[in-house]
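Notes for the structure review
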Amino acid sequence: MTFRLLMLIAFIILISDKAHSQRSDQESDWSGKVVSEGSYQSGNVNKFFVLGRGDIKRATQDLELILAAGISYGESKNKKDDNSLTAAFTTDLFYKKMISPFVLQYVEYNFAKGIDIRSQSGGGLKYQFWQNPLHRSSISLALIYDYTDLTDKPGNYNTGKMRLSLRLRTKQSLLDSNFVLSFTGFYQPSISDLSAANLRAETNLDIPITKMVFARIAYLYSFEDVVSVGRVRLDNKLTFGLGIGFN
């Protein structure tokens, strides 16, 4: 299924590029950002956590392509207790309209939760209910195939299942854009058992320093349906950092 989705993404990109070359009035727009964050604790417990992530976006008249990636590492008492790699690709067709279709591919490795590989592939519809340039909000619903391979599997765990993915996203520019508050929340229940759900909520407060540089305070809450034996399903992280963006 992942291969078919990637072929569909490639086809959409090909059609978009062809249409772009045939229309001189259709301009493309590139934007992106890179952020470095971290936290540190010393005393009775020595602990640190660092995170680097970024994304790049290309928007044409009718198509928006977003590629995002992240890497993190953490130690507690001089022993590794956190390490993750993530990558995501999203294609949104007719993204300027109030309702638009999209497809996605997400891949993750998470040492702390014992996830050797997670792949989520699917597609759905997005509804933008607030489209002001300084205040954007949307809600989307997708059907995804979730394949998760755990380091130490519980005896009753099925690695492949269909899920619904409900996402709420908002970005608010406050106080003459001196503060930019953004929130992204996911609720992903299994279709066969709605009580078996993944939850993820991320809140970022960006404070512009210059035109391209900004400071960031970020809070991440994540809850997994199933993790490896002996791991905790709930994680909370509060980090501080700096970022560079362009558009």
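Residues numbered from 1 in each chain as written. Predicted model: local features only at pLDDT ≥ 70, side-chain atom pairs only at ≥ 80, totals over all residues. Heavy atoms only, no water.

Looking now at the packing of aromatic side chains. Evaluated as defined, the whole model comprises two aromatic pairs. An angle of 35° between the planes, with centres 6.3 Å apart, marks the rings of Y127 and F129 as tilted. Overall, the relative accessible area of 36% leaves Y127 in the partly exposed class. In this structure, R231 is placed above the aromatic ring of F111, and the distance from its NZ or CZ to the ring centre is 5.9 Å. (Phe/Tyr/Trp six-rings, centres within 6.5 Å; stacked < 30°, edge-to-face > 60°. Buried < 20%, exposed > 50% of the residue type's maximum accessible area, 1.4 Å probe, protein only. Lys NZ or Arg CZ within 6 Å of the ring centre and 35° of its normal.)

Note: strand β9 (residues 179–189) against strand β10 (residues 197–208), 10 bridges, orientation antiparallel. Looking at β10, one finds that S182 is bridged to N204. (Pairing = 2+ DSSP bridges. Helix = DSSP H or I, 4+ residues; strand = E, 2+ residues; numbered from the N terminus.)

Our focus in this paragraph is the side chain of D146. Note that D146 resides in strand β7 (residues 135–150). Given a relative accessible area of 1%, D146 falls into the buried group. Separated by 2.8 Å, the side chains of D146 and Q120 make a polar contact. A distance of 3.3 Å separates a polar atom in the side chain of D146 from a polar atom in the side chain of R163. (Polar contact = N/O pair within 3.5 Å; in protein donor to acceptor, adjacent residues only side chain to side chain.)

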